[in-house]
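If you want the building blocks of each chain, they are given just below.
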Amino acid sequence: MQKSSSASSLGPGGLDLSQAFFKPIQDTAPPSPTKRHTKISVIGVGNVGMAIAQTILTQDLADELALIDAKPDKLRGEMLDLQHAAAFLPRTKIVASVDYSVTAGSDLCIVTAGARQNPGESRLNLLQRNVALFSKIIPPLAKYSPDSILLIVSNPVDVLTYVSWKLSGFPSNRVIGSGTNLDSSRFRFLIADHLDVNAQDVQAYIVGEHGDSSVALWSSISIGGVPVLSFLKSQQIAYEKETLENIHKAVTESAYEVISLKGYTSWAIGYSVSNLARSLLRDQRKIHPVSVLAKGFYGIDGGDVFLSLPTQLGRGGVLGVTNIHLTDEEVQRLRESANTIFEVQSQLGL
């Protein structure tokens, strides 16, 4: 099912016509060994996987894109559909197969495969169906790309990132969950909408579980470098805590609303994940709220758990967790969020 090795083999008997079209110049040398060939694999070509693949292509993040899925006909159709857009996109080799060997040598493996979240269904309810699936996905990815970074998108993402870490045997810095990166984008949008400013000028994080127990870090929100709550306090401007809670509630419910209206989410998570891919593969060292091994942070010491914290990402994966100050209430809520995930893992014997 892979893309043909070269479109230049159109001559009689498969003759390579490139020699006829291009004549080499004299005194040449082979390509520099320092030139990197960037390969990304996307596992799962559903709505989310294809939104991620499409965004990766348009943003020119990879030299090669490998697609994996259990449904060969749909997989080939999606591959061909993307290949047919080659004239409008940066040059990227696109391959697809149901065989995981196609992912060999990947720099980044993005896992989106899993059962679709039903309207009104909690992310944690998806767990049982997806853990079994991951036992068939993660080991071959680790086998064929032992030096890659795993980026987990499937829900419930925090527990499945933990499962992927255990199944892969990778160091914790190379196993990351998309976590609350998108939740934080929604959060920034809603704050910007309330204050009529550009969302890019809003710095705000949602941390903890990617789900109902997530925590909004109100104490650290700033707009144009101005801490919002301390500014309101210094100016003696009153605000209602209920208003803040309603904004956070709108964040946690936004995905459910999209699912109830169109049946699934795709475009926002596609942009979110490609943004993470850029930070990782281009060594951007940007701060993202993503799901990482949180043991030892903010008093979370009950065991190994993955949840979202503001994290610096680069070519080595997780470079560090930002030492952001939390209020006592925020710390308590974060620990409660961790306990929510702990409980689910213990029920599964993880």
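What to know about the packing of aromatic side chains
Step number 1: Scanning the model with the defined rule gives 3 aromatic pairs in all.
Step number 2: An aromatic cluster of at least three residues, connected via ring pairs, comprises Tyr162, Trp165 and Phe306.

Focus on a nonpolar patch on the surface
Step number 1: Residues Val226, Phe231 and Ile237 make up a contiguous nonpolar surface patch of about 230 Å² in total accessible area.
Step number 2: Within the fold, Phe231 resides in helix α7 (residues 228–234).

Considering the pairing of strand β5 (residues 149–152)
Step number 1: Burial along β5 is two-sided: Ile149 and Leu151 facing one way and Leu150 and Ile152 facing the other are all buried.
Step number 2: Pairing between β5 and strand β6 (residues 175–177): 3 bridges, direction parallel. If you follow Leu150 over to β6, its bridge partner there is Val175.
Step number 3: As for the winding sense of the linkage, the β-α-β connection from β5 through helix α5 (residues 157–168) to β6 is right-handed.

Overview of the pattern of salt bridges
Step number 1: Inspection of the entire model under this criterion finds 8 salt bridges.
Step number 2: Ionic pairing is found between Asp283 and Arg285, a salt bridge with its closest N-O pair at 3.6 Å.
Step number 3: Accessibility expressed as a relative area gives 32% for Asp283, which makes it partly exposed.
Step number 4: Taking the relative accessible area as the measure of exposure, Arg285 reaches 46% and is therefore partly exposed.
Step number 5: Across the pair Lys295 and Asp304 runs a salt bridge, and its minimum N-O distance is 4.0 Å.

Description of the sheet that holds strand β10 (residues 222–223)
Step number 1: One open sheet holds the 3 strands; their spatial order is β7-β10-β11, and the pairing between them is antiparallel. At either margin of the open sheet sits one strand with a lone partner, and together these are β7 (202–203) and β11 (226–227).
Step number 2: Examined bridge by bridge, β7 and β10 share 2 bridges and lie antiparallel to one another. For Gln203, the partnering residue across the bridge sits in β10 and is Ser222.

Parameters and conventions
Residues numbered from 1 in each chain as written. Predicted model: local features only at pLDDT ≥ 70, side-chain atom pairs only at ≥ 80, totals over all residues. Heavy atoms only, no water. Phe/Tyr/Trp six-rings, centres within 6.5 Å; stacked < 30°, edge-to-face > 60°. Patch = residues over 30% accessible without salt bridge, like charges linked within 9 Å, V, L, I, M, F, W, Y side chains within 5 Å. Areas by Shrake-Rupley, 256 points an atom, 1.4 Å probe, with all protein chains shown as cover. Salt bridge = Lys/Arg side-chain N within 4 Å of Asp/Glu carboxyl O. Helix = DSSP H or I, 4+ residues; strand = E, 2+ residues; numbered from the N terminus. Buried < 20%, exposed > 50% of the residue type's maximum accessible area, 1.4 Å probe, protein only. Pairing = 2+ DSSP bridges. Right-handed = clockwise from strand over helix to strand, strands pointing away.

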